[in-house]
Amino acid sequence: MEPVLEVKHVSASYREGKKEQQVLKDIDFTVHKNEILGLVGESGCGKTTLSKAILGFVKVQDGEIIHHTGNPQMIFQDPYSSLNPSKRVAWILEEPLRMQKIPKEERRRKVLAMAEKTGLSKEHLKRRPRELSGGQRQRVSIAVSLLQESQFIIADEPVSALDVTIQRQIMELIIKLQEEMKFSVLFISHDLNVIYQMCDRVMVMRDGKIVEEGNVEEVFASPKADYTKELMAATMDVEE
C-alpha cells in the first residue's frame, strides 16, 4: 500500500527544569493512502505530542518522519481558538486560497462548493465563529483543512467536545468526505467507541509507546496487549 506518512523509530522529550522527560519512545508506524488510522490512549500518553512532532512543532531526537504528500492539515478538538474571531466564515475559508494566489472568483467558487460539501449554508458564511455552534465551527475547521487540498489530515479529538448527536454527524461527515476525496486521516481519540466507528486500523498508545497496532475489527475482537484489554474493560464498565 502507498504511504502518505512514515514515522520511523521516533523519540522525543520535553525539558522540565534541568530534567528531560521522554514523551515519545521509539514510535514506528505508517499511514497509508486512503485510510483512517486511529490513535487511542488515555490523556497524557503522548498522542498530542506525536501529532505536534508530525507537524514539526516538537523536535524529534531520534528517528525520522517522512511526508510523502506535503504538509498535513489539522482538525482541532474545538477550533474556536484557531479561527480568526474578527473575520466572517467566508473570509476564513478564503484565506488559504488567498495564500495560494488563487483569483477572487475561483476562490469564491471553491469556498461555496466546499461549504456545501461540509454542510455550511450561505448564511453560515456570513457569520463570525462566536455566532456558530461547536458542530458548525468543526465543519468550518474541516472545510479549511480540505480547501488546502492536503492528502493527509490529523484530527485531534475532533468530536470529544461535542454532544453525542453532533458527534455522530461530524463523524459521518468526515467518513463521507474521506471516501469521496480519498485523503488519509490520523484520527486521535481517547474514546474506543469513536475509534471503532471511524477507523480502518488502530494504534494503542501508553506512556509514549505504541503497545498494539492492527485492523480495528481484529484488535477489538481479540486484543493482545494487557493495556488494550484494560481500556476495553473500562469502556464496557462505562457503558453498563
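These numbers come from a predicted model, not from an experiment.

Engineer: Help me understand the environment of D156 in this model?
Structural biologist: Within the fold, D156 resides in strand β6 (residues 152–156). When its relative accessible area of 11% is taken as the criterion, D156 is described as buried. Taking C-alpha positions, D156 is 6.8 Å from S189, a pair spaced 33 residues apart along the chain. Residue contacts for D156: discarding those within four places in its chain leaves T48, S51, M74, I75, F76, Q77 and I188. A polar side-chain atom of D156 sits 3.3 Å from a polar atom in the side chain of T48.

Engineer: So what exactly am I meant to see when it comes to the sheet that holds strand β5 (residues 73–75) here?
Structural biologist: Note: strands within a sheet are paired through backbone hydrogen bonds, in either parallel or antiparallel orientation. Strand order in the open sheet made by the 6 strands is β5-β6-β7-β3-β8-β9, with mixed pairing throughout. In the strand order of this sheet, the two ends are held by β5 and β9 (209–215), each with one partner. The average angle at which neighbouring strand axes cross in this sheet is 20°, direction not considered. Bridge count between β5 and β6: 3 bridges; the pairing is parallel. Across the sheet, the residue bridging to Q73 is I153, located in β6. Most of the contacts of helix α1 (residues 47–55) go to β6, to which it runs at about 150°, and overall it touches β3 (36–40), β5, β6, β7 (184–189) and β8 (201–206).

Engineer: Help me understand the nonpolar core, please; the structure alone is not making it clear to me.
Structural biologist: Side chains of nonpolar character tend, in soluble globular proteins, to be buried together. The biggest cluster of nonpolar side chains holds 46 residues, and the ones touching the most others in it are L93, V140, I142, F187 and M198. Tallying contributions element by element places helix α5 (residues 134–147) first for this core, with 6 residues. Filtering out sequence-adjacent residues up to four positions away, V140 remains in contact with L83, V89, I92, L93, L120 and L132. Grouped together as the second largest cluster of nonpolar side chains are 23 residues, L5, V10, F152 and L186 included.

Engineer: Got a minute to help me understand the UniProt feature "domain: ABC transporter" (unreviewed entry) in the protein in this structure?
Structural biologist: Sites flagged by UniProt as "domain: ABC transporter" (unreviewed entry) map to residues 5–232. Helix makes up 39% of residues 5–232 and strand 28%, and the two end C-alpha atoms of the span are 28 Å apart.

Engineer: What is the right way to look at the pairing of β7 in this model?
Structural biologist: Counting buried positions over the 6 residues of β7 gives 6, a clear majority of the element. Burial along β7 is two-sided: S184, L186 and I188 and V185, F187 and S189, pointing in opposite directions, are all buried. The pairing of β3 with β7 spans 5 bridges and is classified as parallel. Bridge assignment links L39 to a residue of β7, and that residue is I188. In this structure, β6 lies alongside β7, joined through 5 bridges in parallel fashion. The residue of β7 that forms the bridge with I153 is V185.

Engineer: Would you mind going over unusual backbone geometry with me for this structure?
Structural biologist: What is expected of a backbone is that most residues other than glycine have negative phi and most peptide bonds are trans. Despite not being glycine, D26 has its phi angle at roughly 55°, a positive value. Note on D26: relative accessible area 46%, which makes it partly exposed. Located in the positive-phi region is E149, a residue other than glycine, with phi close to 60°. Within the fold, E149 resides in the loop between α5 and β6.

Rules behind the numbers
- Residues numbered from 1 in each chain as written.
- Predicted model: local features only at pLDDT ≥ 70, side-chain atom pairs only at ≥ 80, totals over all residues.
- Heavy atoms only, no water.
- Helix = DSSP H or I, 4+ residues; strand = E, 2+ residues; numbered from the N terminus.
- Buried < 20%, exposed > 50% of the residue type's maximum accessible area, 1.4 Å probe, protein only.
- Contact = heavy atoms within 4.5 Å.
- Polar contact = N/O pair within 3.5 Å; in protein donor to acceptor, adjacent residues only side chain to side chain.
- Pairing = 2+ DSSP bridges.
- Axes fitted to C-alpha atoms, helices over the stretch in contact; angles between N-to-C directions.
- Core = buried A, V, L, I, M, F, W, Y, C linked by side-chain atoms within 4.5 Å.
- UniProt positions renumbered as here; feature names shortened; annotations may be inferred.

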